[in-house]
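Structure assessment
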Amino acid sequence: QVQLVESGGGWVQTGGSLRLSCAVSGRTFSSYAMGWFHQAPGKEREFVAAIIGSGGSTYYADSVRGRFTISRDNAKNTVYLQMNSLKPEDTAVYYCAAGPPYYTGTYYYAADRYNYWGQGTQVTVSS
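This is a predicted model, so every value here is computed, not measured.

Some details on the pattern of salt bridges
Between side chains of opposite charge, pairing is possible as soon as their charged atoms come close. Tallied over the entire structure, the rule returns three salt bridges. A salt bridge links Arg-65 to Asp-62, with the shortest nitrogen-to-oxygen separation between them at 2.6 Å. With relative accessibility at 45%, the residue Arg-65 sits in the partly exposed group. Among the residues examined, Asp-62 registers a relative accessible area of 65% and is labelled exposed. Across the salt bridge formed by Arg-113 and Asp-112, the nearest N and O atoms sit 3.5 Å from each other. A residue is classified by how much of its surface remains accessible, and Arg-113, at 31% relative accessible area, is partly exposed.

With respect to the nonpolar core
In this structure, Met-34, Trp-36, Leu-81, Met-83 and Tyr-94 are the most contacted members of the largest nonpolar core, which totals 37 residues. Of all the secondary-structure elements, those providing two or more residues to this core are strand 3 (18-25), strand 4 (33-39), strand 5 (46-52), strand 7 (68-73), strand 8 (78-83), strand 9 (92-99) and strand 11 (121-126). Considering each element in turn, this core owes the most residues, six residues, to strand 5. Dropping the residues within four chain positions of it, Tyr-94 is found in contact with Glu-6, Leu-20, Trp-36, Phe-37, His-38, Val-48, Phe-68, Leu-81, Met-83, Gly-120, Thr-121 and Val-123.

Side note on the sheet that holds strand 1 (residues 3-7)
Spatially, 1-3-8-7 is the arrangement adopted by the four strands of the open sheet, whose pairing is antiparallel. Among the strands making up the open sheet, the edge pair consists of strand 1 and strand 7. For this sheet, the mean inter-axis angle between neighbouring strands, taken without regard to orientation, is 15°. Bridging between strand 1 and strand 3 involves five bridges; their strand directions are antiparallel. Bridge pairing in strand 3 links Ser-7 to Ser-21.

Brief notes about the side chain of Ser-21
Inspection of the secondary structure puts Ser-21 in strand 3. Residue classification places Ser-21 among the buried positions, given a relative accessible area of 17%. Ignoring anything within four residues of it in the chain, the contact list for Ser-21 reads Val-5, Glu-6, Ser-7, Trp-36, Thr-78, Val-79 and Tyr-80.

Cut-off values and rules
Residues numbered from 1 in each chain as written. Predicted model: local features only at pLDDT ≥ 70, side-chain atom pairs only at ≥ 80, totals over all residues. Heavy atoms only, no water. Salt bridge = Lys/Arg side-chain N within 4 Å of Asp/Glu carboxyl O. Buried < 20%, exposed > 50% of the residue type's maximum accessible area, 1.4 Å probe, protein only. Core = buried A, V, L, I, M, F, W, Y, C linked by side-chain atoms within 4.5 Å. Helix = DSSP H or I, 4+ residues; strand = E, 2+ residues; numbered from the N terminus. Contact = heavy atoms within 4.5 Å. Pairing = 2+ DSSP bridges. Axes fitted to C-alpha atoms, helices over the stretch in contact; angles between N-to-C directions.

What follows is the structure in C-alpha cells.
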C-alpha cells in the first residue's frame, strides 16, 4: 500500500512563499510519476504540476508556470512544491498524487490518471 503525507501548508500574505512536501512510503518512490493538484471550495480539483521519472521532466499549469517549482528527492522519497509570488487565487487545499510512470506530458494533467492521493494541506493566501 502506498501512502502519501503532505505538509508545509499554512497562511501567507500575497507575494509570499511556501514549500509543500509530500512524503511517500510503501513502494519504490522513484518509479512513480508525481503530481500536485489543488481544490478550492466549490470547485473541481485542478492540476498544478507534475514530475515524471527519475530524470524529472516537469509540467505546469499555465496559472503557476514561472511561480511554482516541482522537484523530487528520490533518496528521501519526497516530492516538493516550491510556491513563490503567491496570489489570493492560489488559496486551496493542495494534494499530492502518485501515478504510473509510462506516459508523458498532458497525460498527467487529469486527476483520474493517478492511483494514490494524500490527505491534502491547506494553503491560504491573504490579500
